[in-house]
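Report on the structure
Residues per chain, in single letters:
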Amino acid sequence: MSIEKNLFGLLPNGKEVYIYTLKNNNGMEVKVSTYGGTIVSLLTSDKNGEFHDVVLGYDSLEGYLKGDKYFGALVGRFANRIQYGTFKLNDKEYKLATNNGPNHLHGGIKGFDKVLWNATLIEDKNNILQLSYLSVDGEEGYPGNLNVNVKYILTEDNSLELHYEATSDKDTIINLTNHSYFNLCGHSSGDVLNHKIMINADKFTVNDKYSIPTGEIRNVDGTPMDFRTLTPIGANINSDYEQITFGNGYDHNWVLNTTDSPLTKVAKAICEHTGISLDVYTTQPGVQFYTANFLDGSDIGKDNAIYNMRNAFCLETQYFPNSINCSNFKSPILKAGEKYDHKTIYKFSTI
Ligand code: GLA
């Protein structure tokens with residue numbers, strides 16, 4: 001296990017951005033940038049022992065400064081949409097920055113994906129990279145000075161563990177996630193329609209046509225949203241089921257079946273060609289399964305790859321989108337002085 005630090009580039013204000021390379025003894029390698037806490041690349045072995053980069057991204061910092069797709073980003077303060085960017089907390093109405101029509105998306109105009117994180121190495125047997133950021137009271141409209149620490153831990157069983165912790169000096173809301181776009185056949189290998197996926201959820205949250213959960217929770221049974229057993233991503237992606245037409249594919253939150261264990265296995269994805277398999281475990285109540293419906297070939301990625309629609313999938317573990325405005329959803333409120341503490345593990349293996 002080792003961690004190496006290199007300069008990734010300079011921000012327009014001259015500040016240095018670093019890239020940290022985490023490596024385990026099996027040769028698995030994850031690169032993380034201090035700009036946006038972004039996972040820039042993730043190399044893992046296929047069934048023949050060859051390594052593939054299984055996340056979409058850019059070769060250089062410039063790509064991330066220009067891009068608007070959240071490739072690999074650490075998303076906050078609030079992942080996904082908040083309707084009209086407004087919410088009420090302790091009888092006070094808050095108005096957040098709106099950056100997705102009239103709605104707030106992924107933390108606003110300058111979310112956590114666009115800030116510079118401070119890196120420290122916690123040198124114990126795990127060699128942990130910790131990224132920290134202080135989001136000041138009022139940033140993007142959110143209340144409270146929010147102190148955030150995110151640990152990136154690569155283990156010898158080929159797991160990348162992300163451990164999110166935060167505290168605030170005022171009551172606030174928070175919903176952190178990682179927005180990696182996975183393609184387990186390799187980042188430049190085209191669409192993921194033949195990947196098989198399992199999502200451990202009997203229910204999902206129904207969206208309106210602007211991809212905002214309405215508050216309705218629906219059974220997946222008998223719908224194209226049923227991924228309780230391994231199913232090709234493409235099996236029903238062009239269905240005329242209204243939820244799919246609203247999202248132009250999958251762009252929904254699944255209500256995870258949780259168990260007594262704090263970390264539940266919530267999803268699995270497989271590329272049969274490489275044999276690379278991804279298992280996702282989390283403490284979070286939901287996962288946004290997104291099939292890269294907004295990629296349109298305009299992003300030139302690593303190694304000059306052109307990323308088109310459905311060339312990847314995201315599994316963004318989180319509180320439900322718009323949960324602060326839906327009283328039947330698990331509350332994303334973080335009380336002053338209390339601790340937000342969530343973990344997600346992406347575990348790689350081969351079949
Ligand atoms: C999330 C959203 C999508 C889209 C992407 C980023 O997954 O649900 O609608 O905004 O992020 O492009």
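Residues numbered from 1 in each chain as written. Predicted model: local features only at pLDDT ≥ 70, side-chain atom pairs only at ≥ 80, totals over all residues. Heavy atoms only, no water.

An order of β1-β2-β3-β4-β5 is seen for the five strands of this open sheet, with the pairing classed as antiparallel. Whereas interior strands pair on both sides, the edge strands pair on one side only; in this sheet they are β1 (2-10) and β5 (51-53). Strand-to-strand, the axes of this sheet are offset by a mean angle of 20°, without reference to chain direction. As defined by bridge partners, β1 adjoins strand β2 (residues 16-23) across eight bridges and the pair is classed as antiparallel. The residue bridging Ile3 from the neighbouring strand is Leu22, located in β2. (Pairing = 2+ DSSP bridges. Helix = DSSP H or I, 4+ residues; strand = E, 2+ residues; numbered from the N terminus. Axes fitted to C-alpha atoms, helices over the stretch in contact; angles between N-to-C directions.)

Moving on, we get to the pattern of salt bridges. The tally for this structure, following the rule as stated, stands at 18 salt bridges. Two residues, Lys23 and Glu29, come together in a salt bridge whose shortest N-O distance is 3.7 Å. By relative accessible area, Lys23 is classed as partly exposed at 37%. Residue classification places Glu29 among the buried residues on the basis of a relative accessible area of 12%. Between Lys69 and Asp299 there is a salt bridge whose closest N-O contact spans 2.9 Å. Highlighted residues: Lys69 in the loop between α1 (61-66) and β6 (73-75) and Asp299 in strand β25 (residues 299-300), separated in sequence by 230 residues. A single burial state applies to Lys69 and to Asp299, both of which are buried. (Salt bridge = Lys/Arg side-chain N within 4 Å of Asp/Glu carboxyl O. Buried < 20%, exposed > 50% of the residue type's maximum accessible area, 1.4 Å probe, protein only.)

On to the UniProt feature "active site" (unreviewed entry) in the protein chain. Sites flagged by UniProt as "active site" (unreviewed entry) map to His179 and Glu316. In summary, the annotated positions, though distributed over 138 residues, converge in three dimensions, the widest C-alpha pair being only 6.0 Å. None of the other annotated residues line the largest pocket; only His179 and Glu316 do. In this structure, Glu316 is in contact with His106, Thr177, Asn178, His179, Gly286, Val287, Gln288 and Tyr290, ignoring residues within four places of it in sequence. (UniProt positions renumbered as here; feature names shortened; annotations may be inferred. 1 Å grid on protein atoms, 1.4 Å probe; cavity = no way out; pocket = protein on both sides within 12 Å on 5 of 7 lines; lining within 4 Å. Contact = heavy atoms within 4.5 Å.)

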